[in-house]
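Single-letter residue listing:
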Amino acid sequence: MTKLRLDKYLAEMGCGTRSQVKTAIRKGRVKVNEETVTSPEKKIDTGIDQVSLDDTQIVYVAMEYYMLNKPAGVVSAREDGKYPTVLELIDQKQRNDLFPVGRLDLDTEGLLLITNDGALCHELLSPKKHVKKVYYVEVDKEIPKGAAEQFQNGVDIGEEKLTLPAQLEVLTPKTARLTIQEGKFHQVKRMFEAIGTNVLYLKRLSMGTLVLDSSLPCGQYRPLTEMEIRILKGEYL
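Residues numbered from 1 in each chain as written. Predicted model: local features only at pLDDT ≥ 70, side-chain atom pairs only at ≥ 80, totals over all residues. Heavy atoms only, no water.

*Asks:* Explain the packing of aromatic side chains to me, using residue names and the numbers behind them.
*Replies:* Throughout the structure, instances matching the rule amount to 4 aromatic pairs. Judged by centre distance (5.2 Å) and plane angle (35°), the ring pair of Tyr9 and Tyr60 falls under tilted. Residue Tyr9 is found in helix H1 (residues 6-12), and its partner Tyr60 is found in the loop between strand E6 (56-57) and strand E7 (65-70); the two are separated by 51 residues along the sequence. By relative accessible area, Tyr9 is classed as buried at 2%. (Phe/Tyr/Trp six-rings, centres within 6.5 Å; stacked < 30°, edge-to-face > 60°. Helix = DSSP H or I, 4+ residues; strand = E, 2+ residues; numbered from the N terminus. Buried < 20%, exposed > 50% of the residue type's maximum accessible area, 1.4 Å probe, protein only.)

Below, the structure written as structure tokens:
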């Protein structure tokens with residue numbers, strides 16, 4: 001059982017800012033169990049009480065999880081003054097505190113998890129966890145022989161330490177699948193630059209146990225299934 005102030009309940013469900021929902025409550029626009037309530041401080045039992053704003057029921061959702069097939073030209077951020085953000089693509093979200101788990105570059109496509117689960121975010125992004133991420137890569141030149149071994153041994157990308165061992169599967173002379181277990185800034189692009197090639201196209205295919213749904217068009221999203229969430233949290237292995 002979770003109890004929240006009425007104004008916090010409505011604000012978390014994206015009904016407006018805290019001050020906006022307080023004003024709506026005081027104006028008599030909010031009902032709890034079919035009775036008009038004008039006190040923003042009223043405690044709501046999220047599992048029992050029914051709340052409505054302007055006669056539209058507002059169902060409380062504690063956590064949300066979305067798989068997004070990120071398109072190029074959209075930034076992995078909550079807000080940006082120049083480019084559209086990944087959160088703007090999630091038009092069916094109910095909460096106002098969602099965020100992308102990690103970042104994909106502006107021109108990178110593919111799997112991005114959108115949630116408000118901070119604990120799961122930490123598990124997936126913590127450097128100590130070595131969560132594997134798989135990318136499909138297209139480059140401008142033929143991938144040199146011995147690149148797979150070089151990636152396995154670690155690549156010098158200009159930092160204090162070499163990259164952690166990575167698995168490179170060459171698909172064609174200019175395409176590959178790369179699995180890394182860390183997330184340094186522009187890491188994939190810098191790794192390929194270190195072997196004399198430039199990345200032309202980059203798409204993330206998976207992160208940990210979460211695999212991009214092949215039927216999900218670029219720019220589209222869907223909620224994670226209950227099984228996907230539980231596996232991602234390590235409840236089913």
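*Asks:* Now, about the UniProt feature "domain: RNA-binding S4" (unreviewed entry) in the chain: what can you tell me, with residues and values included?
*Replies:* On the UniProt side, "domain: RNA-binding S4" (unreviewed entry) is annotated at positions that read residues 4-67 here. Between the end C-alpha atoms of residues 4-67 the distance is 28 Å, and the span holds 25% helix and 28% strand. (UniProt positions renumbered as here; feature names shortened; annotations may be inferred.)

*Asks:* Describe the nonpolar core, naming the residues involved and giving the relevant values.
*Replies:* If you look at the biggest cluster of nonpolar residues, it comprises 30 residues, and the most contacted ones within it are Ile114, Val137, Phe151, Leu178 and Phe192. Looking at this core, the elements that each hand over two or more residues are E7, strand E9 (109-115), strand E10 (133-139), helix H4 (147-153), strand E12 (175-180), helix H5 (187-194) and strand E13 (199-207). Excluding residues that lie within four positions of it along the chain, Ile114 makes contacts with Glu64, Tyr65, Tyr66, Leu68, Val86, Leu87, Ile90, Leu98, Phe99 and Pro100. (Core = buried A, V, L, I, M, F, W, Y, C linked by side-chain atoms within 4.5 Å. Contact = heavy atoms within 4.5 Å.)

*Asks:* Please set out the pattern of salt bridges residue by residue, giving values where relevant.
*Replies:* Applying the stated criterion to the full structure yields 19 salt bridges. A salt bridge links Asp97 to Arg95; its shortest N-O distance comes to 2.9 Å. The salt bridge partner of Arg190 is Glu159, with a shortest N-O separation of 3.2 Å. Remark: Glu159 occurs in the loop between H4 and strand E11 (167-172) and Arg190 occurs in helix H5; sequence separation between them is 31 residues. Using a relative accessible area of 33% as the deciding quantity, one classes Glu159 as partly exposed. (Salt bridge = Lys/Arg side-chain N within 4 Å of Asp/Glu carboxyl O.)

*Asks:* Now, about unusual backbone geometry: what can you tell me, with residues and values included?
*Replies:* The backbone of Asp54 shows a phi angle near 55°, a positive value even though the residue is not glycine. Among the structural elements, Asp54 can be located in the loop between strand E5 (51-53) and E6. On the basis of relative accessible area, Asp54 is assigned to the partly exposed category, the value being 41%.

*Asks:* Residues and numbers for the pairing of E9, please.
*Replies:* Among the 7 residues of E9, 7 are classified as buried, and the element is accordingly described as predominantly covered. Two strands pair when backbone bridges link them, and strand E8 (residues 99-100) and E9 are joined in this way by 2 bridges, in the antiparallel orientation. For Pro100, the partnering residue across the bridge sits in E9 and is Ile114. Pairing analysis gives 2 bridges linking E9 to E13, with the strands arranged parallel. Across the sheet, Gly110 pairs through a bridge with Arg204, a residue of E13. (Pairing = 2+ DSSP bridges.)

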